[in-house]
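Residue-level structure breakdown
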Amino acid sequence: MSSKFPQFVTKHLIIRVATASDAEMLREYYVSNQAHLAPWEPIRSEAYYTLRWWRLRINQIHSEFDEASAVSFIAMTPDKSAIVAVANFSNIIQGVFKSCYLGYSISKTYEGQGLMIEFLQSCLGFMFENVGLNRVMANYIPVNERSGALLQRLGFEREGYARKYLRIAGSWQDHVLTALLKEDWLAQQR
Ligand SMILES: CC(C)(COP(=O)(O)OP(=O)(O)OC[C@H]1O[C@@H](n2cnc3c(N)ncnc32)[C@H](O)[C@@H]1OP(=O)(O)O)[C@@H](O)C(=O)NCCC(=O)NCCS
């Protein structure tokens, strides 16, 4: 893998940007978690579950990284046999904004073990310290209590409420708007 992509090793995870050879593992992640993710994601087409789709998506992930418009991470088991979780930092805007959006999920198999917080803490460090962001925004559907609890544990603060904000699972859903600032992140690291 090219060294331009970030890679971290944490206590339980190997974290990096997906490469071409990860297409089948990514497809498997979304196939096996279809029911788990369905309430929290857009309706997916049949093509979404094919190897071809994931090969194209990985190309797109690399283009976005090169353009500095998004950074998409996968977290793998230490033996690299399965994808545990994914996190996408998208719509990166630099200039006077220095902000992006964060989306994420963890496989049903690994949910509720503290792995998501371990994963996102490493990714957030990279986004603040290396990409140079000032703010990361993450938004969740009010009934998604697990997601709200995760963001709270990471130090995200509620900033607002947007009505019919995203079309999720086939209908327009209200979202709680939260954000983490670099200064809050740095304060947590002390
Ligand atoms: C939202 C989501 C990512 C949260 O993942 P998660 O596994 O609950 O998050 P964590 O890894 O931080 O796990 C925390 C849980 O592990 C438990 N835990 C066990 N060991 C732990 C440890 N060492 N450290 C922290 N928590 C630990 C905690 O008690 C906590 O459980 P609780 O909230 O029931 O008390 C996951 O539910 C998911 O993928 N949902 C579907 C997709 C989705 O909703 N995406 C977000 C859309 S906005």
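Everything here concerns the structure above.
Owing to the predicted nature of the structure, the values given are computational and were not obtained by experimental measurement. (Residues numbered from 1 in each chain as written. Predicted model: local features only at pLDDT ≥ 70, side-chain atom pairs only at ≥ 80, totals over all residues. Heavy atoms only, no water.)

1. Structural notes on the packing of aromatic side chains
- Overall, the coordinates contain 13 aromatic pairs when judged by the stated rule.
- Here the aromatic rings of Phe 8 and Phe 126 are separated by 6.0 Å at their centres, their planes lie at 55 degrees, and the arrangement is tilted. Highlighted residues: Phe 8 in strand E1 (residues 7-9) and Phe 126 in helix H4 (residues 115-129), separated in sequence by 118 residues. The exposure classification of Phe 8 matches that of Phe 126, with both residues buried.
- Taken together, a centroid distance of 4.8 Å and an interplanar angle of 55 degrees make the contact between Tyr 48 and Trp 53 tilted.
- A relative accessible area of 28% places Trp 53 in the partly exposed class.
- A network of ring pairs unites the aromatic residues Tyr 29, Tyr 30, Tyr 48, Tyr 49, Trp 53 and Trp 54 as a single cluster. (Phe/Tyr/Trp six-rings, centres within 6.5 Å; stacked < 30°, edge-to-face > 60°. Helix = DSSP H or I, 4+ residues; strand = E, 2+ residues; numbered from the N terminus. Buried < 20%, exposed > 50% of the residue type's maximum accessible area, 1.4 Å probe, protein only.)

2. Considerations on the site of the ligand
- Around the ligand, the structure places 20 residues, and the nearest of them are Glu 111, Gly 112, Met 116, Asn 144 and Arg 153.
- At 2.8 Å from a nitrogen atom of the ligand is found a main-chain nitrogen or oxygen belonging to Tyr 104.
- Backbone polar atom of Leu 115 to an oxygen atom of the ligand: 2.9 Å apart, as the coordinates give it.
- In the complex, 69% of the free accessible area of the ligand, which totals 940 Å², lies under the protein chains.
- Those elements giving two or more residues to the shell around the ligand turn out to be helix H2 (34-37), strand E5 (99-106), H4, strand E6 (135-140) and helix H5 (145-154).
- With four residues, H5 is the largest single contributor of residues to the shell around the ligand.
- Looking at the shell around the ligand residue by residue, the class counts come to nine nonpolar, eight polar and three charged. (Near = heavy atom within 4 Å. Polar contact = N/O pair within 3.5 Å; in protein donor to acceptor, adjacent residues only side chain to side chain. Areas by Shrake-Rupley, 256 points an atom, 1.4 Å probe, with all protein chains shown as cover. Nonpolar A, V, L, I, M, F, W, Y, C, P; charged D, E, K, R; others polar.)

3. Re the pattern of salt bridges
- For the structure shown, the criterion picks out eight salt bridges.
- Note that Glu 64 and Arg 57 form a salt bridge whose closest N and O atoms lie 3.6 Å from each other.
- Owing to a relative accessible area of 16%, Glu 64 belongs among the buried residues under this scheme.
- Linking Glu 159 and Arg 135 is a salt bridge whose minimum nitrogen-to-oxygen distance equals 2.7 Å. Pair noted here: Glu 159 is in strand E7 (residues 157-168) and Arg 135 is in strand E6, with a separation of 24 residues, a long-range link.
- Take Glu 159: its relative accessible area is 48%, and that puts it in the partly exposed class. (Salt bridge = Lys/Arg side-chain N within 4 Å of Asp/Glu carboxyl O.)

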